[in-house]
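Tertiary structure, described
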Amino acid sequence: MDLSLSEEQRMMVDAARRLVEKHIQPLLDANDKDRALPKPVILKVMEKAAELGLTSARIPEAGGGAGLRMLDYGLIGEQMPACVALIVQPHEATTARVYFGCNEEQKERYLDDLMGGRKIACTASTEPDVGSDPRGVKTTVTEEGDNLVLNGRKQWISNSTVCDLMNVTCRKVNADGTTSLARVLVDPLESPFEANEVRMHGLRQAPLGEVLFDGCRVPKRNLCPETGDTARLLTLTWLANRPLVGLLAVNMGQKALDAARAYAGVRKQFGRYIGGFQLIQADLAEIETAVVSSRLLCYNALAALDRGERANGLSAMAKRYAVDACDKAIALAMRIHGAMGLSRELGLEELARDVRTLTIPDGTPGILTLIQGRELTGIDPFR
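Residues numbered from 1 in each chain as written. Predicted model: local features only at pLDDT ≥ 70, side-chain atom pairs only at ≥ 80, totals over all residues. Heavy atoms only, no water.

1. So, the overall build of the chain
For the record, the criterion: In DSSP terms, a helix is any run of H or I states spanning at least four residues, a strand is any run of E spanning at least two, and both are numbered starting from the N terminus. Values of the radius of gyration come from C-alpha atoms, whereas the globule rule sets the reference at 2.2 Å times the count of residues to the power 0.38. Buried means the residue's accessible area, taken with a 1.4 Å probe over protein chains only, is under 20% of the maximum for its type, while exposed means over 50%, and partly exposed covers the values in between. Contact between two residues is taken to exist if any of their heavy atoms lie within 4.5 Å; hydrogens are not considered. Here the positive residues are Lys and Arg and the negative ones are Asp and Glu; neither His nor the chain ends is included. In plain terms, the charge of a residue is placed at NZ if it is Lys, CZ if Arg, CG if Asp and CD if Glu.
Assigned secondary structure in the chain consists of 10 helices and nine strands. In summary, the chain has a C-alpha radius of gyration of 22 Å against a globular reference of 21 Å for 383 residues, a match within 12%. A principal-axis box enclosing the C-alpha atoms of the chain has dimensions of 80 × 50 × 40 Å. Expressed as a percentage of its 383 residues, the buried residues of the chain come to 52%. Within the chain, contacts between residues at least 6 apart in sequence are counted, and of these 74% link residues at least 24 apart. For the chain, the centre of its 47 positive side-chain charges and the centre of its 50 negative side-chain charges are spaced 4 Å apart.

Structure representation (structure tokens):
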């Protein structure tokens, strides 16, 4: 197995790093680190992300998208600041769901602007008491004349407070009283709804919100085709999202490793550099091992998806391990820095908050463990 990057892949990674350094990081630095970025700033970020293909990664070139292999998507995405990735990735996943799961008229109305980063999208699946099981959603949609009427509440929805299009997973109430899982495209300009920001432990520059649909009227043309694939489309995007989230943790772990290694070479105690002490070297070795092993697990899961393999277990394992391992790596880096590691000035405490925020999106550690266990045993632990 060749684990080296091709020349094309190295060029993609270098281009992503330069773009972040020149265009994206200055936008983050110019705004409050403890508040969600304003929509005009997010649109500037989306414009730059579109240049890298991150707004249309999974859409084939024939459809106007970037047509990236999932491994290449991960290589580029790993270079993104995590708060930016948690804006762009939900947008891209929603754009992919529109492309693969909507009719031609719906795609004609929305896809160009979404792929170009001129409009912001999100998916609303999670509810106050519904998380990893989309079949349990309680938000309903009913037909009323030429309109649909949405009622329900969604929670922990990325981009919900700034979006131009929301892909809502709900239950359609049929004429005979039965219900079926459905998706509805909601444009806030024609179908206003209430969305309120939720303040978070970490990744505070990424907008996250709670949404209330109270008799929200949506044109009937915005009901997505009833193919029975709503849950499957969500799952397919989750399979790539999980190692992609893992790589966000790897990005943070690498920053912690770089900082700790540099500090160990300049900080002196007992008349010598602390990098010469065996326990410091042991901690640095643990940090590097956590970062490298996490990166390789995530790359492996994405490469398996590119090969068309069933990667449910690999995807779950990659995200769960990477986030946990890099959380521990950042904690070790903070310890190497002593009291400075706790200071806001240094930024390690921000990494510590941010990496722990990654434990929940796209599957909690417990759910991911059960998915991996199901793949190992062939026995479903959920039903």
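2. Some thoughts on the pairing of strand S2 (residues 140–144)
How we decide: For two strands to be treated as a pair, DSSP must find at least two bridges joining them.
Pairing between S2 and strand S3 (residues 147–158): five bridges, direction antiparallel. Within S3, the residue paired with Glu144 across the bridge is Asn147. Here two bridges tie S2 to strand S4 (residues 165–173), and the two strands are oriented parallel to one another. In the strand pairing of S4, Val141 is matched with Lys172.

3. Re the pairing of S3
With antiparallel pairing between neighbouring strands as the criterion, S2 and S3 make up a hairpin whose turn holds two residues, including Gly145 at a positive phi of roughly 65°. Direction of pairing for S3 relative to strand S7 (residues 208–219): antiparallel, over a ladder of 10 bridges. Bridge pairing in S7 links Lys154 to Val211.

Interpretation in functional terms is not warranted from these geometric data alone.
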